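Each chain, letter by letter, is given below.
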Amino acid sequence: MSCQICEKRREKRFCPAIGGRISPQCCGEQREVTLDGPSECVYLQQARDHEKPRPLEQLDTAAMFPRVEIGDQFLYEQEHLLLGLSYSLARSARADRSIRDSDLIAALSSLARSYETLANSGLHYEVPVASLTHQTIAADIQQMVKEYHEAEQKHTGYTRLRDSEVLRALVFLLRMGMTRTSGRLKSRAFIDFLLSQFPGQSSAIAAPDEASRIIVP
Ligand SMILES: [Zn+2]
């Protein structure tokens, strides 16, 4: 019995991505690269459990907005914004199964660049977004920011949220994504993490039609 991918090595496991039996080597090399396995695949889950966090040298730190400082105080104060934005990402990923970590990262990166310009110069600058998928993700995030502003307005009579704070929240999520993704082409490690944070379809935190339930500190 040989592996259905290399047709040389012995097959040792069933691969749900190809619906056949493959060798552990091919699984290790091709998962999230050419093999698009479901999140439920136990071998994928085991691999993630054993995968060490990517070392800093492997990360593109220049793409992580190194000048943006994010302290504990910020995370504490903007917890609801961060939850709302995380929920928006999870919602996008749940709505479109073809979305990868790299799509969320690209959309976050474009938006962060727009907000960086806005926070530094007050100028609206829409960073061109590459694909329709990225546009959809970015639009969903912007909608969440808008809802947050509206909820603030409603509860306190004015809006305190500044563009620089949205920028920091976006960069926080971008860094989280870049650290949590496996870096493989089809990786959904970051997405599965987000989905595990919001298991139900309708989250009480910030479901789209429940913007008023966003708790403003
Ligand atoms: Zn093989």
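Residues numbered from 1 in each chain as written. Predicted model: local features only at pLDDT ≥ 70, side-chain atom pairs only at ≥ 80, totals over all residues. Heavy atoms only, no water.

## Things to note about the overall build of the protein chain
- Across its full length, the protein chain holds eight helices and two strands.
- If one aligns the C-alpha atoms of the protein chain with their principal axes, the spans along those axes are about 70 × 35 × 30 Å.
- Buried residues in the protein chain amount to 42% of all 217 residues.
- Excluding contacts between residues fewer than 6 apart, the proportion of contacts in the protein chain whose partners are at least 24 apart in sequence is 65%.
- Within the structure as shown, the protein chain displays about 12000 Å² of accessible surface, and the carbon and sulfur contribution to it stands at 52%.
- In the protein chain, the 27 positive side-chain charges and the 28 negative ones have mean positions that sit 7 Å from each other. (Helix = DSSP H or I, 4+ residues; strand = E, 2+ residues; numbered from the N terminus. Buried < 20%, exposed > 50% of the residue type's maximum accessible area, 1.4 Å probe, protein only. Contact = heavy atoms within 4.5 Å. Areas by Shrake-Rupley, 256 points an atom, 1.4 Å probe, with all protein chains shown as cover. Lys, Arg positive; Asp, Glu negative; His and termini not counted. Charge placed at Lys NZ, Arg CZ, Asp CG, Glu CD.)

## Focus on the coordination of the zinc ion
- Coordination of the zinc ion by the protein involves Cys-3 (SG), Cys-6 (SG), Ser-23 (OG) and Cys-26 (SG), with metal-donor separations of 2.2 to 2.5 Å.
- Note that the zinc ion binds four donor atoms; their angles at the metal cover 94 to 127°, and the shape is tetrahedral.
- Mapped onto the sequence, the donors of the zinc ion take the spacing C-x2-C-x16-S-x2-C.
- Take Cys-3: its relative accessible area is 1%, and that puts it in the buried class. (Donors = N, O, S within 2.8 Å, 3.2 Å for Na, K, Ca; no water. Tetrahedral: all angles 85-135°; square planar, octahedral: opposite > 155°, others 65-115°.)

## Quick word on the nonpolar core
- Core analysis: the biggest nonpolar cluster contains 41 residues, and Leu-85, Leu-89, Leu-104, Ile-141 and Leu-170 have the highest contact counts within it.
- Elements represented by at least two residues in this core include exactly helix H4 (79-95), helix H5 (101-121), helix H6 (132-156), helix H7 (163-180) and helix H8 (189-197).
- Not counting chain neighbours up to four residues away, the residues in contact with Ile-141 comprise Leu-85, Ser-88, Leu-89, Leu-108, Leu-111 and Leu-170.
- In terms of nonpolar packing, the next biggest core, distinct from the first, is built from seven residues, Cys-3, Cys-6, Ile-22 and Cys-26 among them. (Core = buried A, V, L, I, M, F, W, Y, C linked by side-chain atoms within 4.5 Å.)

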